[in-house]
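# Chain and residue survey
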2 protein chains.
Amino acid sequence: MKCPASSDIINAYERIKGLVHQTPVLTSQSINDICDTELYFKCENLQKVGAFKYRGATNAVLSLSEAAKMNGVATHSSGNHAAALALAAKINGIAAHIVMPENAPEIKKKAVAGYGAQITFCQATLEAREKTLEEVVLKTGATMVHPYNQWEVICGQGTASLELMQRHKDLDIVMTPVGGGGLLSGTATYIKEQFPDVKIIAGEPANADDAYRSFKSGIFQPVVNPDTIADGLRTSLGSLTFEIIRDKVDDIITVGEASIAEAMRMIWERMKIIVEPSSAVPLAVVLENKPLFKNKKTGIVLTGGNVDLAKLPW
Amino acid sequence: MKCPASSDIINAYERIKGLVHQTPVLTSQSINDICDTELYFKCENLQKVGAFKYRGATNAVLSLSEAAKMNGVATHSSGNHAAALALAAKINGIAAHIVMPENAPEIKKKAVAGYGAQITFCQATLEAREKTLEEVVLKTGATMVHPYNQWEVICGQGTASLELMQRHKDLDIVMTPVGGGGLLSGTATYIKEQFPDVKIIAGEPANADDAYRSFKSGIFQPVVNPDTIADGLRTSLGSLTFEIIRDKVDDIITVGEASIAEAMRMIWERMKIIVEPSSAVPLAVVLENKPLFKNKKTGIVLTGGNVDLAKLPW
């Protein structure tokens, strides 16, 4: 399978930069003191729709041919990708068809509907979602945009780290969480070519450790029934993201649920920003492995801030 | 009483800029859509110690003579000013003496102690606080730094709007909340001289409306027993801040408690940042007075993010 190069991510950046927020990079002296290191947080929780997913969705929409644009885009998702694709389609004046499970949270249904997407509800199984999406695509001629296992999406997600390195060229390590692997593979693709001395380390919940097991064994091992508060990381790698991650990532480190919740609360309290549990996984890795990060400068992509304020894990 | 000029705020900026965060200015398409206007949020909740107060405290500390530095600084406060002064003193290697009421929240006592300040506890009356502070100053020779009614503090607070205007020169309106008036008077001092066409509008809780009544009547009228969730705005104006605000502010508009809570939640949910109730008061004003802001560009200083995550108003 042909993998993207860093030049593809630079092209994606040129394509989308007028449409995405150039999110800030924040630092916290108190978190640095606690971790005995220097951390630089790229705040994609402050991205449009509250997640880095808007980058990949926008790049996918802008990469369509004029003919394809006429039929719109389609996906199945109950999470940030659905909202991201819906808004990216709306802003670019094309249709979005989103397949959502009937039991998706009302707030997510409302958000996607609010962006003007056509929603088709289905049963809450992966089989039903894929079958319904297939029917929608057949009927509408829309182009499927996968949440992570797709070239344009990976290139879009990689632009977060491009912006991070524009601001902080002297990082030693860049970290992201890993779920489906779109962000991690885009990050590794850009950085390993452009800044070969920078180490790429991903954090993953031990309770959803398919990327860890696949990376360590070299054999793709999907996860079964993951049970983690990091709801954005319950998916398994795809064929393309696995290949890139296996070849370009330096390490994947797993962490427990208590560390994730502690790191999440630390970001809320010390940095005054709202992150979802998935965003906190790399900081949890730092907290559990301080010697690894001592005397280094580490960039961390905070992936999203979509969390139910009435259901906090403390 | 001699009031500061915009050149004093520019000097303060040159003095403190290496020690404070250049906080980001964020926008939210969805809040703009709800309010039918264009808002630019200067995020001082992301400032060190989580509040703009760090600017004024740092300017006060850096403005001390070498002789005065040897005896340190002192204040009475149970809020953001205490933490700000303690950290500013610590970073500049001088002593900080903080008088706190015995019933101050444990988390605030810990924060101030964590910055290495000398804490003297007293009874929870203004009289006891002022008397204890007087004793501390007599004993230590420390310089008193008032939370708002002091030249250097006002000049430091004004630098937030200086940075805002650096980024967005084309604003029509700049808004802050008003409590003691340090931020508002610094903002008005800088902007009314440098950008005379920009309107300065303050937001105040109707339940703590001393600045509104004083401004409208031209006679200083302190508040008695204010009862508002915007805990940072329960103080009354000082003699110096009242004079500046009376002369340079265009309007003060009051809002109810429900609007403040609604605006606070909107900022959390739509912008993914943590703000304390006081920060949300200007947005509450916009929500209650949409026609006033239509077809205008409005900058809003978000003042702080220090809030007990276990006690949210929803």
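Before reading further, recall that the structure is shown in the block above.
Residues numbered from 1 in each chain as written. Chains lettered and ligands numbered in written order. Predicted model: local features only at pLDDT ≥ 70, side-chain atom pairs only at ≥ 80, totals over all residues.

## A short note on the pairing of strand β3 (residues 73-76) of chain A
All names here are of chain A.
- Burial of β3 is two-sided: the residues Val 73 and Thr 75 facing one way and the residues Ala 74 and His 76 facing the other way are all buried.
- As paired elements, β3 and strand β4 (residues 96-101) share 4 bridges and run parallel to each other. Residue pairing in the sheet places Thr 75 in a bridge with Ile 98 of β4.
- Of the crossover connections in this fold, the one passing from β3 over helix α5 (residues 80-91) to the parallel β4 is right-handed.
- In the sheet, β3 pairs with strand β6 (residues 143-144) via 2 bridges, with the strands oriented parallel. Counterpart to Val 73 in the pairing with β6 is Thr 143. (Buried ≥ 20, exposed ≤ 12 C-beta atoms within 10 Å, placed from the backbone. Helix = DSSP H or I, 4+ residues; strand = E, 2+ residues; numbered from the N terminus. Pairing = 2+ DSSP bridges. Right-handed = clockwise from strand over helix to strand, strands pointing away.)

## Some thoughts on the nonpolar core
- Ranked by internal contacts, the top residues of the largest apolar core, which has 197 residues, are Leu85(A), Ala86(A), Leu85(B), Ala86(B) and Ile267(B).
- Setting aside chain neighbours within four positions, we find Ile267(B) in contact with Ile273(B), Val275(B), Ala280(B) and Leu283(B). (Core = buried A, V, L, I, M, F, W, Y, C linked by C-beta atoms within 7 Å. Contact = placed C-beta atoms within 7 Å.)

## Examining the packing of helix α3 (residues 53-62) of chain B against helix α8 (residues 151-167) of chain B
Residues and elements named next belong to chain B.
- The geometry of α3 relative to α8 is characterised by a closest axis approach of 7 Å and an angle of 135 degrees between their N-to-C directions. Here α3 is positioned oblique relative to α8, judged by the angle of their axes. The interaxial crossing formed by α3 with α8 has right-handed handedness. Seen from α3, the contacting residues are Arg 55, Gly 56, Thr 58, Asn 59 and Ala 60; seen from α8, they are Glu 152, Val 153, Cys 155, Gly 156, Gln 157, Thr 159 and Ala 160. (Axes fitted to C-alpha atoms, helices over the stretch in contact; angles between N-to-C directions. Parallel < 35°, antiparallel > 145°, perpendicular 65-115°, else oblique. Left-handed = near helix turned anticlockwise from the far one by under 90°.)

## Considering the packing of helix α9 (residues 182-194) of chain B against helix α11 (residues 239-248) of chain B
All names here are of chain B.
- Remark: α9 packs on α11, axes separated minimally by 9 Å, with the N-to-C direction vectors making an angle of 45 degrees. Our classification of the angle between α9 and α11 gives oblique. Considering how the two elements wind past one another, α9 and α11 form a crossing that is left-handed. Of the residues in α11, those in contact with Gly 182, Leu 184, Ser 185, Ala 188, Thr 189 and Lys 192 of α9 are Thr 241, Ile 244, Ile 245 and Lys 248.

## Section: the interface of chain B and chain A
- Every contact between the two is made by 15 residues of chain B and, on the other side, 15 residues of chain A.
- Within the side of chain B that touches chain A, the residues separate by chemical class into 8 nonpolar, 4 polar and 3 charged. (Nonpolar A, V, L, I, M, F, W, Y, C, P; charged D, E, K, R; others polar.)

Treat this as a map of the structure, not an account of what it does.
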